[in-house]
Amino acid sequence: MRLMVILMWLLHWFPLPVIARLGEAIGSLLFVYKKKRRRITLINLELCFPEWTAEERQRIAKKHFQYYARSVLERGILWWGSEARLRRLIIVEPSVPLAEINASPTILLCPHFVSLDVAGVAVMLESSLCSIYTQQLNPVFDEVLRKGRSRFRPVKLFSRSDGVKPIIRAMREHLPFFMLPDMDFGEKDAEFVPFFGIPAATLTAPARIAAATNAKVIPVVATYLPNYRGWTIKFYPAWENFPGDDVTAATRTMNAFIEDRAREAPAEYFWTHKRFKTRPAGETSFYESITSDEVPPAY
């Protein structure tokens with residue numbers, strides 16, 4: 001891992017197209033050799049895009065591996081690149097909603113696209129934030145990750161085991177909550193809500209925290225610009241009347257929004273995660289022939 005960190009540091013001096021192409025080459029190799037992860041990706045794509053041909057799913061799956069590997073190497077730019085370079089490469093549409101953040105509690109809802117770290121940096125260039133952080137297994141990588149993500153402004157990171165109280169306190173201090181809402185963490189604090197028409201264990205925390213704090217929910221999605229020119233970070237209008245009186249309906253609204261964004265950039269959504277791992281009682285696992293599982297990434 002030390003060698004990996006050194007490689008990322010060395011690469012961050014190179015132009016983005018060089019780093020990106022190297023990442024894509026590594027991703028192509030991983031697609032061939034990481035058979036279990038490839039199988040998870042293809043199962044997810046088959047479940048979510050049954051109208052596609054097998055060849056289309058194979059193409060998108062390979063592109064996803066390329067984008068994912070690319071995003072890992074590109075983190076060197078996020079962690080060590082100059083602020084001027086980052087501002088050139090990160091195009092924010094329309095802008096970081098500072099007025100709304102400063103006016104009242106805010107949840108920045110960031111689905112799992114491979115460039116989600118860029119969305120975090122785009123916010124940190126303008127504002128501090130709070131988020132949930134999963135400690136990395138390797139202490140070297142954990143330290144580099146923490147420093148890289150907090151080098152522009154202080155950030156409050158909480159463990160999932162801390163619960164929601166420290167998050168709510170931070171939000172009331174006008175720290176936006178950078179939230180990743182779309183992973184399968186089991187049935188605790190979740191409900192089975194359709195995602196691409198399939199019941200998926202989905203955290204209800206966005207709706208519950210918004211209700212408890214009267215917070216605005218502003219979605220933010222990070223995607224690649226064409227021709228290796230950088231990234232687009234799009235902030236969407238705050239959802240109106242969210243969550244309303246029905247947490248389940250609000251969670252359906254959230255999943256439908258993420259579906260629409262995944263359809264717009266399917267190769268960039270995080271398909272290597274077992275999104276449908278937890279099943280309603282009596283249902284068979286979609287992944288029962290796959291024995292490995294991944295550690296979920298977290299901002």
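Before reading on, note that the structure itself is shown above.
Asker: In this structure, what is going on with the overall build of the protein? I would like to understand it.
Answerer: Along the backbone of the protein there are eleven helices and nine strands. Its C-alpha radius of gyration of 19 Å places the protein within 12% of the 19 Å reference for a compact globule of 299 residues. The dimensions of the protein, computed from C-alpha atoms along their principal axes, are 50 × 50 × 35 Å. Looking at the protein as a whole, 55% of its 299 residues qualify as buried. Residue pairs in contact within the protein that sit at least 24 positions apart in sequence constitute 78% of those at least 6 positions apart. Here the protein contributes 39 positively and 31 negatively charged side chains, and the mean placements of these two sets differ by 7 Å.

Asker: Honestly, the sheet that holds strand S9 (residues 231–235) in this entry has me stumped. Any pointers?
Answerer: Backbone hydrogen bonds hold the strands of a sheet together, and the pairing may be parallel or antiparallel. Spatially, the seven strands line up as an open sheet ordered S1-S9-S8-S2-S5-S3-S4, and their pairing is mixed. Of all strands in the sheet, those bounded by a partner on one side alone are strand S1 (90–93) and strand S4 (155–158). Averaged over neighbouring strand pairs, the angle between their axes works out to 25° when direction is ignored. Of the strand pairs in this sheet, S1 and S9 are connected by four bridges, and their pairing is parallel.

Asker: Please explain the nonpolar core as it appears in this structure.
Answerer: Grouped together as the largest cluster of nonpolar side chains are 89 residues, with contacts concentrated most on Ile-107, Phe-177, Phe-178, Trp-231 and Ile-233. Among the elements that line this core, the one with the most residues is helix H4 (residues 54–80), at eight residues. Those residues in contact with Trp-231 that lie beyond four places of it in its chain are Leu-16, Glu-74, Leu-78, Leu-89, Ile-90, Ile-91, Ser-115, Val-118, Thr-223, Tyr-224 and Leu-225.

Asker: Looking at this model, I keep getting lost on the pattern of salt bridges. Mind explaining?
Answerer: Applying the stated criterion to the full structure yields twelve salt bridges. For Arg-87, the salt bridge goes to Glu-83, with nearest N and O atoms at 3.0 Å. With a gap of four residues between them, Arg-87 and Glu-83 both fall in helix H5 (residues 83–89), about one helical turn apart. Look at Glu-83 and you get partly exposed, because its relative accessible area is 37%. In the salt-bridge network here, residues are joined through shared partners; they are Glu-24, Arg-70 and Glu-74.

About the cut-offs
Residues numbered from 1 in each chain as written. Predicted model: local features only at pLDDT ≥ 70, side-chain atom pairs only at ≥ 80, totals over all residues. Heavy atoms only, no water. Helix = DSSP H or I, 4+ residues; strand = E, 2+ residues; numbered from the N terminus. Rg over C-alpha atoms; globule rule 2.2 N^0.38 Å. Buried < 20%, exposed > 50% of the residue type's maximum accessible area, 1.4 Å probe, protein only. Contact = heavy atoms within 4.5 Å. Lys, Arg positive; Asp, Glu negative; His and termini not counted. Charge placed at Lys NZ, Arg CZ, Asp CG, Glu CD. Pairing = 2+ DSSP bridges. Axes fitted to C-alpha atoms, helices over the stretch in contact; angles between N-to-C directions. Core = buried A, V, L, I, M, F, W, Y, C linked by side-chain atoms within 4.5 Å. Salt bridge = Lys/Arg side-chain N within 4 Å of Asp/Glu carboxyl O.

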